[in-house]
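Single-letter residue listing:
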Amino acid sequence: MNKSFFNWLPVAALALGAFACQTDDSTVESAVDPRGEEYTISEPIKISDSRAVELTDSHQQFAGRLASEIAHPGQNMVFSPLSIYNFMAMLANGADGQTLDQIIKVLGAKSNDEVVALCRRQFDSFAAIEAKNQEFPEPDLSAFIPDDYPDPERYKEELMESYESMLSSLTKVALANSIWYDASKVGTPYQSYIDECKQWLNAEAMVTDFNTITPSAINQWASDVTNGLIPSIVNKFGPILTDIVCVNALYLNIQWWGGFSVGEEKLEFTNSDGTKSKVTSLKNESDYEYGETADAHFIKLPLGALAEQMTYTIILPKGDGVDASAMLSPGVIPSMEKELISLTMPEFEVESDHTFEMKSALESLGLVDVFDDDKANFSRMGSFKFNVEQVAHKAKIHVSEFGIEAAAATADDWFSSPGPGFEKPQPKVINVDRPFAFRITDNATGMVLFIGTVNRL
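Quick summary incoming for the structure in this document. (Residues numbered from 1 in each chain as written. Predicted model: local features only at pLDDT ≥ 70, side-chain atom pairs only at ≥ 80, totals over all residues. Heavy atoms only, no water.)

## Some details on helix α3 (residues 97–106)
- Buried within α3 we find Thr99, Leu100, Gln102, Ile103, Ile104 and Val106.
- Buried residues belonging to α3 abut α1 (49–70), α2 (81–94) and α4 (112–133).
- Glycine 108 lies just past α3 and shows a positive phi near 75 degrees. (Buried < 20%, exposed > 50% of the residue type's maximum accessible area, 1.4 Å probe, protein only. Helix = DSSP H or I, 4+ residues; strand = E, 2+ residues; numbered from the N terminus. Contact = heavy atoms within 4.5 Å.)

Right, here's the structure in full:
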């Protein structure tokens, strides 16, 4: 029996911001919420479909600009615009004045409400995926076994294997926010800020004393959300030196819609420096959405084994010796049409740590005041003067294969053979054998979950 292979795309990202506060008081008291003890948190606003399209377009432009800032020629890179967006939404909830204006401008929104609304759309999209997964409860195996079956236990094992195989094909997603603060150093942030972040952004509030155990706790939280793909986001040696830490974690595990076979021969990949690498090749011939500009090919590959939930887009330069970083700047996206394509692409893994460059990259985009201890205005967060000291971001993508027996082996039996005179159309041949850029977007929201470059393998 023939075997068909599907690729596994586990990807994860973490964004972390560390706040410092300035106060001359030797004794820190709990912040008194200016909204009083009795208040209600309003529901997030609803945005129209047309405005959602505009905001999503702004998000995609933000993703491209930020990618251009953090990419380095000749190097591989991956990061999550969605993770950074959620982190900045937590900033926006505590900001006011010019600081807030800069945040929403960089994100391409008109108000904090719109930033929250876009985050909520993504939470709802992931919730819909999880709800779909719940439609496959563990079956009552005894109900499927015929009374006269000679080996019922073996039949149960086979049914369970089929069920577990189906479960493994389901899309796994996780998007989580958390706020960690040291009450002994900074006092309690306004309860309204904590409650808003919880209701609007699903953010957990973690009260700690930021001792030497705290880094391990933050890293364990991050590892749990990302299924161990990113085991740490803060230095595990020594205490946290700031006063508040906001963390976002994102995890995605999704299969291709369709499939790729593993090529019998290695793919010769030409790195950006001209050297050659032999890597595992992944092959398929199918109708893909395809478009091109004068400089690049664009191929969209559907993701989601049971439904087309997301899209993996490859941006492949037409010329040799082109650094993939040049493909990241926001530009004209060509019109895309379905076309029969014979596609060969590499298996790869990319991991990036942008801890030492994300701050300067955001400053280049116009996010300046949040890092300035004199200008930062986070007066909606607490009664003390806060500013962001550092932004850490890590991401990882792993494109690998595992074998499953698929219905493709008997697919030809389901259709009539073409009649005389039928000529199979010749596919366009695309070999991803040189540096390329990629991005993963959610089909339901249009948000960019991950974006990156592969310059060397």
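Moving on from the coordinates now.
## A short note on the pairing of strand β5 (residues 244–255)
- Counting buried positions along β5 yields 12 of 12 residues, so the element is predominantly enclosed.
- Side chains of β5 alternate between two faces, with Ile244, Cys246, Asn248, Leu250, Leu252 and Ile254 and Val245, Val247, Ala249, Tyr251, Asn253 and Gln255 buried alike.
- Note: strand β3 (residues 172–182) against β5, 10 bridges, orientation antiparallel. Each bridged residue has a counterpart across the sheet, and for valine 173 the counterpart in β5 is leucine 252. (Pairing = 2+ DSSP bridges.)

## Some remarks on unusual backbone geometry
- Residues other than glycine seldom take positive phi values, yet asparagine 202 does so here, at roughly 55 degrees.
- For asparagine 202, the location among the structural elements is in the loop between α7 (191–201) and β4 (203–208).

## Re α2
- With 14 residues, α2 should cover 20 Å at 1.5 Å per step; its first-to-last C-alpha distance of 20 Å lies within 8% of that length.
- With 14 of its 14 residues buried, α2 lies for the most part within the structure. (Expected span 1.5 Å × (residues − 1).)

## Structural notes on the nonpolar core
- Of all hydrophobic cores here, the largest spans 108 residues; its most connected members are Leu66, Met88, Ile179, Leu301, Tyr312 and Phe436.
- The element contributing the most residues to this core is α2, with nine residues.
- Excluding anything up to four places from it in sequence, tyrosine 312 contacts Trp256, Ile299, Lys300, Leu301, Leu303, Phe348, Phe436, Phe438, Arg439 and Ile440.
- Residues Ala176, Met206, Trp221 and Val225 belong to the second largest nonpolar core, which totals 15 residues. (Core = buried A, V, L, I, M, F, W, Y, C linked by side-chain atoms within 4.5 Å.)

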